[in-house]
Amino acid sequence: MKVGVAKEIAPGERRVALVPESIDRLRAAGISVFVERGAGAEAAFPDNAYVEAGARIVATAALYSNCDVILRINRPTPTETKYTHAGQAIIGMLAPLLDPEAMVEFAGKDLTTVSLDAIPRTLSRAQGMDALSSQANVAGYKAVLVAADAFGRYFPLLTTSAGTAKPANVLILGIGVAGLQAIATARRLGAQVKAYDVRPETKEQAESLGAQFVTLKSAVDGAGAGGYARALTAEEQAAQQAELNQIIGKQDVVITTAQVPGRRPPVLVTTEAVAAMRAGSIIVDMAASELGGNCELSQPGKMVLTSNGIQIHAPLNLPASMPTGASLFYSRNISNLLLNFVKNGELQFDFEDDITAATVITYGGKVVQEAVKKLLQPAQPGGAKA
Ligand code: NAD
């Protein structure tokens, strides 16, 4: 079986799906690895490192025409899709729930698509394939560095001959994978860290990393299905907001990571809350995208400086800003998933298997993954899906 590693062409993307250290494992399973010229260059994996590890370097057209499987970070663009051929498998972070129609197009071209972001995350067997977690980890770490770099003062308590610098007060909103790494990183830099989440089980996790958990008087249990949060009702959200505003105004740095599956991220830092912050304070909104963000004033991909001197950063692809480390993790995730499907040197899908059922989105010319199929069903009168 021939497996190809694509060069990512999305603006700002610097990661690569497979790094040289993973090639040995694939070769041991009977796989030949082909790498698109320059695929790893921006992540500090030059072509010669792949050649030394046993891969062949090829041009774009040769990669797509020769290989049975293409490994990627992002969904292929329409230009790249033109190079694909029927029966070929594409594995990457395809975001099928955000754009189910794109999956219909892949099925129409008889592409087998496998999406790493659809991994059943709580299945222990799948943990080594969980690219959402590995990349959120990188993002949580990098968000703190963005904040520390922008902040005009120290994070740690410093006692010097010129006097004492107070430690920075950092608030992390949302204690999932990224939030936990942000807590740990801010603590390592010496900040005083507070953290808040609607899922009560996060209290112990935050405290074990040295953060003080913020307990609101209006707190409700916001745990939803599968370990994720549910969307709060308007009343719950308003009560939460009033209390959060008081706390946000006292912070030097606020890092927001709150997401609710399939919904716009909740607004946790309002215009009013930003107005109450001191000049020089920093907000990093990790949830910002075209759908909105956790801060009302965020502009996705930009830094906004407010009239009262607050910087609001809304980086769009933090993992790509640490491409070597992020690619090393991703490469292990995608190799584990690929090898899960390889039997006797070929891709074989057992749809009774939880990992296969969740991650294989299109197969045999059809959309086969249940959640995507549901999104594609025609809406019934009254707005419900069939
Ligand atoms: P996520 O990106 O969906 O959300 C980030 C955090 O925001 C979550 O902790 C969520 O509770 C919080 N949030 C949502 N609405 C909020 C609000 N209004 N106010 C405050 N916080 C709010 O989360 P994630 O990092 O992808 O993790 C989701 C879940 O998956 C967690 O329970 C995590 O432990 C679990 N998980 C489990 C495994 C595993 O079992 N191996 C692996 C990865 C993740």
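Coordinates for the structure precede this section.
From a predicted model like this one, the values you see are computed outputs, not experimental measurements. (Residues numbered from 1 in each chain as written. Predicted model: local features only at pLDDT ≥ 70, side-chain atom pairs only at ≥ 80, totals over all residues. Heavy atoms only, no water.)

Quick look at the side chain of Ser281 now. The residue Ser281 is located in the loop between helix H10 (271-275) and strand E13 (282-285) in this model. A relative accessible area of 2% places Ser281 in the buried class. Polar contacts involving the side chain of Ser281 include one to the main-chain carbonyl oxygen of Gln251, which spans 3.3 Å. At 2.8 Å, the side chain of Ser281 forms a polar contact with the backbone oxygen of Arg278. Ignoring anything within four residues of it in the chain, the contact list for Ser281 reads Gln251, Asp252, Gly309, Ile310 and Gln311. (Helix = DSSP H or I, 4+ residues; strand = E, 2+ residues; numbered from the N terminus. Buried < 20%, exposed > 50% of the residue type's maximum accessible area, 1.4 Å probe, protein only. Polar contact = N/O pair within 3.5 Å; in protein donor to acceptor, adjacent residues only side chain to side chain. Contact = heavy atoms within 4.5 Å.)

Another aspect to go through is the site of the ligand. Near the ligand there are 23 residues, and of these Arg121, Gln127, Asp197, Arg199 and Gly227 occur at the shortest range. A distance of 2.7 Å separates an oxygen atom of the ligand from a polar atom in the side chain of Arg199. Within the complex, the protein chains bury 84% of what would otherwise be the 840 Å² of accessible surface of the ligand. Considering only residue class, the shell around the ligand consists of 10 nonpolar, nine polar and four charged. (Near = heavy atom within 4 Å. Areas by Shrake-Rupley, 256 points an atom, 1.4 Å probe, with all protein chains shown as cover. Nonpolar A, V, L, I, M, F, W, Y, C, P; charged D, E, K, R; others polar.)

Before going further, it helps to examine helix H9 (residues 234-248). Three- or four-residue spacings in an α-helix give side chains the same orientation, since the helix completes a turn every 3.6 residues. Here H9 spans 20 Å end to end across 15 residues, near enough to the 21 Å set by a 1.5 Å rise per residue. Taken residue by residue, H9 has Glu236, Gln240, Gln241, Glu243, Leu244, Asn245, Ile247 and Ile248 as its buried positions. Those residues of H9 that are buried are in contact with strand E9 (169-173), strand E10 (192-196), strand E12 (253-256) and H10. (Expected span 1.5 Å × (residues − 1).)

Turning our eyes to something else, we now look at the sheet that holds strand E14 (residues 303-305). Read across the open sheet, the seven strands follow the order E11-E10-E9-E12-E13-E15-E14; overall the sheet is mixed. Since the sheet does not close on itself, it has two edges, and those belong to strand E11 (212-213) and E14, each with one partner. Pairing of E10 with E11, which is carried by two bridges, proceeds in the parallel orientation. Each residue of the ladder has a partner; that of Lys194, found in E11, is Gln212. (Pairing = 2+ DSSP bridges.)

Membership of the largest hydrophobic core comes to 38 residues, with the highest contact counts inside it found for Val33, Leu71, Leu337 and Leu338. Those elements giving two or more residues to this core turn out to be strand E1 (2-5), helix H1 (23-28), strand E2 (32-36), strand E4 (69-74), strand E5 (89-93) and helix H11 (323-341). With five residues, H11 is the single largest residue contributor to this core. When residues no more than four places from it in sequence are discounted, the contact partners of Val33 are Val3, Val5, Leu18, Ile23, Leu26, Ala55 and Arg56. By size, the runner-up hydrophobic cluster in this structure holds 27 residues, among which are Ala139, Ala147, Ala182 and Ala206. (Core = buried A, V, L, I, M, F, W, Y, C linked by side-chain atoms within 4.5 Å.)

Turning our attention to the packing of helix H6 (residues 131-150) against H11. For the pair H6 and H11, interaxial distance at closest approach is 9 Å and the crossing angle is 170 degrees. Classified by the interaxial angle, the pair formed by H6 and H11 is roughly antiparallel. Each of Ala131, Ser134, Gln135 and Val138 in H6 lies in contact with H11, whose residues at this interface are Ala326, Phe329, Tyr330 and Asn333. Residue composition of the contact of H6 with H11, grouped by class: five nonpolar, three polar and no charged. (Axes fitted to C-alpha atoms, helices over the stretch in contact; angles between N-to-C directions. Parallel < 35°, antiparallel > 145°, perpendicular 65-115°, else oblique.)

Turning next to the sheet that holds E1. Pairing is mixed in the open sheet, where eight strands are placed in the order E3-E2-E1-E4-E5-E6-E18-E19. Each end of this open sheet is capped by a strand with a single partner; those strands are strand E3 (56-58) and strand E19 (366-367). Where E2 lies against E3, three bridges are found, and the strand directions are parallel. Counted as the bridge partner of Val35 is Ile57 from E3. Along the sheet, H11 makes contact with E1, E4, E5, strand E6 (112-115) and strand E18 (360-363), crossing E4 at roughly 145 degrees.

Relative to each other, H6 and helix H7 (residues 177-188) sit at 40 degrees, their axes nearing to 7 Å. As summarised for this structure, H6 and H7 are arranged oblique, according to the angle between their axes. Of the two elements, H6 crosses H7, and the hand of that crossing is right-handed. Side by side, H6 and H7 meet where Ser133, Ala136, Asn137, Gly140, Tyr141, Val144 and Leu145 of the first sit next to Val177, Ala178, Gln181, Ala182, Thr185 and Ala186 of the second. Tallied by class, the residues present in the contact of H6 with H7 amount to eight nonpolar, five polar and no charged. (Left-handed = near helix turned anticlockwise from the far one by under 90°.)

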